[in-house]
Amino acid sequence: MKSGSASPHFGDLLRSWRADRQLSQAELALSVETPSRHISFLETGRSKPSRDMVFRLSVALQIPLRDRNLLLRAAGLADAYAVGDIASDDMSPIHGAVIRLMTAHDPNPSFAIDRSWDIVEMNASARFLVSQLIGGTAASLNILDLAFSPDGLRPHVQNWEDFARQTVQRIHREALGPTDLRNALDRIKRHPALPDRWWNFDVRYAPNPVFPVRLNIGGAKLELFSVIASIAMPTNALAQELRVETFFPVDEGSEALLKRLVDGSQ
């Protein structure tokens, strides 16, 4: 996909998204109530889309807001969605809500993650857990590096291979678009000793409804599963991309250990 290009062609972008969503021209045309010939003309550049048509195509193809701006620009139209920054004034209510949500989850570790899997915010429990396992504060870490690097959580995860394979499958399911999927997998592949067979989406790989990560902390086992929260009905690109992942204990023993560890750090 050419969404990283300085001047992508609308037809190329549309064709890439349609292929990624595995739709024929006829199927896409039916969903936006236009002749299939019009979709063909849009992809070849023989026709130029209206603003309304770009929006209809974006909805039909489930294109993320940031990428809808790219489609609009490629069609010679103005952006429709603010991108935003977590520290900007317009993001202040959302930023405040994220902080309150993560703080309320203490002593359960909680991370705010953006579209690129970068850690935007952490609560006190997450900072403590990361510092205990890898040292430092992880202020600029990427959650994928944290999971896959030999200098990250990898040596401390007792079920690391299953955890890693599940994470790859999760990326396939949650990536907002093909560029995000490719970038995430390329990032992981930089880390050593990862089997080639992991990279494809495997519909047969279906673990239990709750997949636990089993951490070894000073000889004690801490077993956690994660819950992800996102912003409902976002109209800002960053708001759509931001997710809060909180790790909860699987059993009473893990809950007691986690509380003891966090309380001892304060």
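Residue numbers restart at each chain and count upward from 1, following the sequence in its written direction. Reporting of local features is limited, given that this is a predicted model, to residues whose pLDDT is at least 70; pairs of side-chain atoms are given and counted only at 80 or more, and all residues count toward the totals for whole chains, interfaces and linings. To get the side-chain values, all heavy atoms of the structure are used, and hydrogens and water are removed first.

1. Focus on the nonpolar core
By nonpolar core we mean a set of buried residues, namely Ala, Val, Leu, Ile, Met, Phe, Trp, Tyr and Cys, connected to one another through side-chain atoms within 4.5 Å. The cut-offs for exposure are 20% and 50% of the maximum accessible area for each residue type, with area from a 1.4 Å probe on protein chains only; residues under the lower value are buried, those over the upper are exposed, and the others partly exposed. Counting 38 residues, the largest nonpolar core has Phe111, Ile143, Phe148, Trp160, Ile188, Leu215 and Leu222 as the members making the most contacts within it. Every residue in contact with Trp160, bar those within four places of it in the chain, is listed here: Ala147, Phe148, Arg154, Leu194 and Trp198. One finds Phe10, Leu13, Ile63 and Leu71 within the second-largest nonpolar core, a separate group that totals 17 residues. The contact definition used throughout considers only heavy atoms, calling two residues in contact when any of these lie within 4.5 Å.

2. Remarks on the sheet that holds strand E2 (residues 119-122)
Strand pairing requires that DSSP identify at least two bridges connecting the strands. Under the DSSP-based scheme used, a helix requires at least four consecutive residues in state H or I and a strand at least two consecutive residues in state E, with every element numbered from the N terminus. Spatially, the five strands line up as an open sheet ordered E2-E1-E5-E4-E3, and their pairing is antiparallel. Both edges of this open sheet fall to E2 and strand E3 (213-217), since each of them pairs with a single strand only. The average undirected angle you get between the axes of adjacent strands in this sheet is 30°. Where E3 meets strand E4 (residues 220-230), five bridges bridge the pair, whose relative direction is antiparallel. Residue pairing across strands places Asn216 opposite Lys221, the latter belonging to E4. Orientation is described by axes fitted as lines to C-alpha atoms, over the contacting stretch for helices, and by angles from 0 to 180 degrees between their N-to-C directions. The sheet contacts of helix H7 (residues 124-134) involve strand E1 (110-113), E2, E3 and E4, and relative to E3 the element is tilted by about 60°.

3. Some details on the confidence of the model for the protein chain
In this model, the protein chain carries a mean pLDDT of 89, and residues with pLDDT of at least 70 account for 92%. Across residues 1-6, where pLDDT falls below 50, the model places 13 contacts with residues more than four positions away in sequence or in other chains. The quantity called pLDDT is the predictor's confidence in a given residue, expressed from 0 to 100.

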